[in-house]
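Chain residues, written in single-letter form:
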Amino acid sequence: MRERKFPVYLDHNATSPMRPAVVAAMVEAFGLAGNPSSVHSFGRDARNALERARKIVGDSFSATADNVIFTSGGTEANAMVLSNADGLILTSAIEHPSVLAAADSIPIGATSFGIIDLDALTAALRAHRPSLVSVMLANNETGAIQPIEQVAALVHRTGALLHVDAVQGPGKIEVDICRLGADFLSVSAHKIGGPRGVGAVILREGADLSPMLRGGGQERRRRAGTENLAGIVGFAAVIEDWGTDEPKRLEKMRNALELGVKAVNADALIVADAVERLPNTSCIALPGIASEIQVIALDLDGIAVSAGAACSSGKVEKSHVLEAMGLDEAVCGSAIRVSFGHSNEDRDVERFLSAWSAMAMRMCPGRIAGPP
Ligand code: PLP
């Protein structure tokens, strides 16, 4: 009989299991009966919980509570900022689909290291005179951290505004709106163990946005609709519960995994490893074996990772990020993303390496082709 192995979740950049402290805080918030907009005592209790959470979320990004607009997640936050642009928009070509699809925009290429091409950005700023530029803080597929401070200086010199999709940053790297020099940040709760379906736009002091959803006066009249109170409380709870040593712990596991992979198969390639990356993310290509075949083989062995972006409806599409980096077709078609999080331990690295080595040995590179 086949030995039953414990399953290992290594897909935290897609979503991360909720932390117990978050669940506890949300259960308590579900008990609050009132609508935060109501004037009676039930409403006031709900409002207090909402405003306490707003302060915690704002503080964690060096913003005041007034500059936090809660949304239904990173996708809505991105859509809200981009829909506010009153002129041309430039984005990097490696943005998340929720940025690329939110508005018509001109894409700026990336280098083979996985970061935005600053020369191309400079030329595009001069040629197109955009009103808004949108560049992510860290790429969800490769983990490559973008040079946001440099981007901000270039963008502001032309009078344009800068939006930063910072969804993959919180808990892993510092996300300080002042230090980054961004006018708007998008953030989301579910990448580090908060609830799915809640996020925020963080505004620089003095920046403003018109509502995308209209009607009620919630969120200082900037986003109508009764607030997702339990979700917002959960967002604050994950920020309070996340340890400051966690990034180091994640990086240690990630580095051990990459060393192990290279020791097993010298053909394996770690994408974007020449630049600063998120401490939890590894994008590993094994030329000759299609990404989706690897994901299925690993899944059969109890290891959950993803291929390419793998973000929508379980569909595996070619990675626009790796393509924009100009990587070989063989690399683009054979990359998997491994992303660590709070639920992982050292033994998960061993389990991954044992499954990955068995897979790499079984599927002789060159002989196995992906599906047509
Ligand atoms: N931006 C980036 C970089 C992401 O990785 C994601 C989710 O994968 C999003 C935006 C969308 O966030 P949400 O799932 O909260 O809508």
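Here is what the cut-offs are and how they apply
Residues numbered from 1 in each chain as written. Predicted model: local features only at pLDDT ≥ 70, side-chain atom pairs only at ≥ 80, totals over all residues. Heavy atoms only, no water. Helix = DSSP H or I, 4+ residues; strand = E, 2+ residues; numbered from the N terminus. Rg over C-alpha atoms; globule rule 2.2 N^0.38 Å. Buried < 20%, exposed > 50% of the residue type's maximum accessible area, 1.4 Å probe, protein only. Contact = heavy atoms within 4.5 Å. Core = buried A, V, L, I, M, F, W, Y, C linked by side-chain atoms within 4.5 Å. Near = heavy atom within 4 Å. Polar contact = N/O pair within 3.5 Å; in protein donor to acceptor, adjacent residues only side chain to side chain. Areas by Shrake-Rupley, 256 points an atom, 1.4 Å probe, with all protein chains shown as cover. Nonpolar A, V, L, I, M, F, W, Y, C, P; charged D, E, K, R; others polar. Disulfide = S-S within 2.5 Å. Pairing = 2+ DSSP bridges. Axes fitted to C-alpha atoms, helices over the stretch in contact; angles between N-to-C directions. Phe/Tyr/Trp six-rings, centres within 6.5 Å; stacked < 30°, edge-to-face > 60°. Lys NZ or Arg CZ within 6 Å of the ring centre and 35° of its normal. pLDDT = per-residue confidence, 0-100. Patch = residues over 30% accessible without salt bridge, like charges linked within 9 Å, V, L, I, M, F, W, Y side chains within 5 Å. Salt bridge = Lys/Arg side-chain N within 4 Å of Asp/Glu carboxyl O.

1. What to know about the overall build of the protein chain
Piece 1. Within the protein chain, the secondary structure is distributed over 14 helices and 13 strands.
Piece 2. Taken over the C-alpha trace, the protein chain has a radius of gyration of 21 Å; the compact-globule value for 372 residues is 21 Å, and the two agree within 12%.
Piece 3. C-alpha extents for the protein chain along the principal axes are approximately 65 × 55 × 35 Å.
Piece 4. Looking at the protein chain as a whole, 53% of its 372 residues are labelled buried.
Piece 5. Look at the contacts in the protein chain between residues 6 or more apart in sequence, and 72% of them connect residues 24 or more apart.

2. Digging into the nonpolar core
Piece 1. Formed by 80 residues in total, the largest nonpolar core has its most connected members in Leu185, Ile202, Phe352 and Trp356.
Piece 2. With 8 residues, the single largest contributor to this core is helix α9 (residues 229-241).
Piece 3. If we skip the residues at most four places from it in the chain, Leu185 touches Phe61, His163, Val164, Ala166, Val175, Ile177, Leu180, Ala200, Val201 and Ile202.

3. Re the site of the ligand
Piece 1. As a matter of local geometry, the ligand sits amid 15 residues, with Gly74, Thr75, Asp165, Ser188 and Lys191 nearest to it.
Piece 2. Between the ligand and Thr75 there is a distance of 2.6 Å, counted from an oxygen atom to a side-chain nitrogen or oxygen.
Piece 3. At 2.6 Å from a nitrogen atom of the ligand is found a side-chain nitrogen or oxygen belonging to Asp165.
Piece 4. Relative to its free-state accessible area of 390 Å², the ligand is covered by the protein chains to the extent of 90%.
Piece 5. The greatest single-element share of the shell around the ligand, amounting to 3 residues, is contributed by helix α3 (residues 74-83).
Piece 6. Here the shell around the ligand is built from residues that sort into 3 nonpolar, 10 polar and 2 charged.

4. A few points about the state of the cysteines
Piece 1. Counted under the stated rule, the structure contains 0 disulfides.
Piece 2. Counting only cysteine sulfurs, Cys332 is the nearest neighbor of Cys283, a cysteine outside any disulfide, at a range of 9.3 Å.

5. Here we look at unusual backbone geometry
Piece 1. Residues other than glycine seldom take positive phi values, yet Arg129 does so here, at roughly 50°.
Piece 2. Along the chain, Arg129 falls in the loop between α5 (118-128) and β5 (132-134).

6. Examining the sheet that holds strand β6 (residues 161-165)
Strand pairs in the sheet, formed through backbone hydrogen bonds, run parallel or antiparallel to each other.
Piece 1. Pairing in this open sheet of 7 strands is mixed, and the strands run β2-β8-β7-β6-β5-β3-β4 from one edge to the other. Taken across any chain shown, the strands that pair with only one partner, and hence form the sheet edges, are β2 (68-71) and β4 (106-108). Across the sheet, the mean angle from the axis of one strand to that of its neighbour is 20°, orientation sign disregarded.
Piece 2. In the sheet, β6 pairs with strand β7 (residues 184-188) via 3 bridges, with the strands oriented parallel. Across the sheet, residue Asp165 finds its bridge partner in β7, namely Ser186.

7. Notes on the packing of aromatic side chains
One pair of aromatic rings is described through two measures. These are the centre distance and the angle between the planes.
Piece 1. For the coordinates displayed, the defined rule picks out 1 aromatic pair.
Piece 2. Here Phe70 and Phe235 contribute two aromatic rings whose centre-to-centre distance is 6.5 Å and whose plane-to-plane angle is 65°, an arrangement assigned as edge-to-face. Note that Phe70 is positioned in strand β2 and Phe235 in helix α9, a separation of 165 residues in sequence.
Piece 3. Here Arg347 stacks its cationic end above the ring of Phe6, 4.2 Å away from the centre of that ring.
Piece 4. The residue whose ring lies beneath Arg351 is Phe6, and the NZ or CZ to ring-centre distance is 5.2 Å.

8. Quick notes on the environment of Ser98
Piece 1. Along the chain, the position of Ser98 falls in helix α4 (residues 97-100).
Piece 2. Residue class for Ser98 comes out buried when judged on its relative accessible area of 12%.
Piece 3. Counting along the chain gives 31 residues from Ser98 to Arg129, while the straight-line C-alpha distance between them is 23 Å.
Piece 4. Contact partners of Ser98, with chain neighbours within four places excluded, come to Thr75 and Asn78.
Piece 5. At 3.0 Å, the side chain of Ser98 forms a polar contact with the side chain of Asn78.

9. Digging into the confidence of the model for the protein chain
Piece 1. Here the protein chain averages 94 in pLDDT, and 94% of its residues register 70 or above.
Piece 2. Scored below 50 in pLDDT, residues 365-372 shows 12 contacts in the model against residues more than four places distant or in partner chains.

10. Overview of a nonpolar patch on the surface
Piece 1. Together, Met18, Val23 and Val27 make up an exposed nonpolar region whose accessible area comes to about 220 Å².
Piece 2. Note that Met18 resides in the loop between β1 (8-9) and α1 (20-30).
Piece 3. You can call Met18 partly exposed: its relative accessible area is 31%.

11. Observations regarding the sheet that holds strand β13 (residues 335-339)
Piece 1. Read from one edge of the open sheet, 4 strands run β9-β10-β13-β12, paired in antiparallel fashion. Looking at the sheet topology across the chains shown, the edges are occupied by β9 (269-270) and β12 (306-307).
Piece 2. Together, β9, β10 (281-285) and β13 form the strand contacts of helix α10 (residues 246-264), whose direction differs from that of β10 by roughly 15°.
Piece 3. Each of β12 and β13 touches helix α11 (residues 291-300); the most contacted strand, β13, lies at about 45° to it.

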